[in-house]
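This is what each chain is made of:
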Amino acid sequence: MTHIQTEKLTALKDQLNQLNVEEGLRFITKAFSTGVTFSTSFSFEDQAITHAILSQELNIDIFTLDTGRLFAETYSVWNNTNERYHKNITAYYPQNQSLEKLVADKGPNSFYESADNRKECCFIRKVEPLKRALAGKQVWITGVRAEHSLARTSLEIVEWDASNQLIKYNPLLHWSTEDVKKYITKHNIPYNILHDKGFISIGCAPCTRAIKAGEDFRAGRWWWEDNSKKECGLHSR
């Protein structure tokens, strides 16, 4: 980034830190009239942001990454969201040739065998489709929260994503889980019922489980790996 770009990013961060989620999203659409997009996994956080966008009829694209291995409950909340807001959320899928080769070479569950295999699967099913979804965009809105993992506690509400060459806006970064739940309840927002069964971070079905009392937020994701490896590449810094 140039010095001027850094100054603009700092000014944007200072402004957004003073606004609530609805105000911040409105501000972003005015500052960037086109090229603003939001990625949803239909999690608690993402449903809250989806509501804030669609209830205000903001000019923000919404997309999801359908890995082909999502929970049935995730597809249900996706469908319920489309019906509630009269909006068909765009889906991006893995490139069929890459996915077919992976399964042919290593089988359908190679991700259990090593961290490298798991990251390869994540790249094909999530990272590469994300690159296509973000191509040509100026701002990427996410539902990332600092509470999710130690690696995310140092994040800022607005950052420069060097990997995707755009601004990344995390409007719920400093929200607690209780904050999110209250917002969901207040606005009667459709949500993934797996959250009621101990699932915190919900991804692909083979790689996600409910967490136990006292466990870390990310304990339910890739539980066979050590905590230092628990990122899929979507939010690499």
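See the structure printed just above.
Analysis parameters
- Residues numbered from 1 in each chain as written.
- Predicted model: local features only at pLDDT ≥ 70, side-chain atom pairs only at ≥ 80, totals over all residues.
- Heavy atoms only, no water.
- Buried < 20%, exposed > 50% of the residue type's maximum accessible area, 1.4 Å probe, protein only.
- Helix = DSSP H or I, 4+ residues; strand = E, 2+ residues; numbered from the N terminus.
- Arc of directions from axis to C-beta.
- Polar contact = N/O pair within 3.5 Å; in protein donor to acceptor, adjacent residues only side chain to side chain.
- Phe/Tyr/Trp six-rings, centres within 6.5 Å; stacked < 30°, edge-to-face > 60°.
- Lys NZ or Arg CZ within 6 Å of the ring centre and 35° of its normal.
- Salt bridge = Lys/Arg side-chain N within 4 Å of Asp/Glu carboxyl O.

(A) Expanded view of helix α2 (residues 21-31). Inspection of α2 places V21, G24, L25, I28 and T29 among the buried residues, and these make up the whole buried set. Here the buried residues of α2 occupy an arc of 135 degrees about the axis, which is enough to place them on one side. Of the residues that open α2, the one with a side-chain oxygen 3.1 Å from the backbone nitrogen of E22 is N20.

(B) Highlighting the packing of aromatic side chains. Throughout the structure, instances matching the rule amount to 10 aromatic pairs. Taking the centre distance of 6.5 Å and the plane angle of 35 degrees together, the rings of F111 and W224 count as tilted. Taken as a pair, F111 in the loop between α5 (96-106) and α6 (115-134) and W224 in the segment after α7 (177-186) lie far apart in primary sequence, 113 residues in all. Residue F111 is classed as buried on the basis of its relative accessible area, which comes to 2%. Cluster of aromatic residues (ring-pair linked, three or more members): F111, Y112, W223 and W224. The residue whose ring lies beneath R118 is W222, and the NZ or CZ to ring-centre distance is 4.1 Å. Stacked on the ring of W222, the Lys or Arg R221 has its end atom at 4.6 Å from the ring centre.

(C) Structural detail: the pattern of salt bridges. All chains considered together, the criterion is met by 9 salt bridges. A salt bridge links K13 to E156, with the nearest nitrogen and oxygen atoms 2.6 Å apart. Residue K13 is located in helix α1 (residues 3-16), and its partner E156 is located in the loop between β4 (139-141) and β5 (158-161); the two are separated by 143 residues in the primary sequence. Under the relative-accessibility criterion, E156 is labelled partly exposed at 36%. Ionic pairing is found between K101 and D105, a salt bridge with its closest N-O pair at 2.6 Å. Of this pair, K101 and D105 both sit in helix α5, 4 residues apart, roughly one helical turn. Judged by its relative accessible area of 54%, K101 falls in the exposed class. Taking relative accessible area as the criterion, D105 reaches 52% and is therefore assigned exposed. Within this structure, E45, R145 and E147 form a network of salt bridges that share partners.

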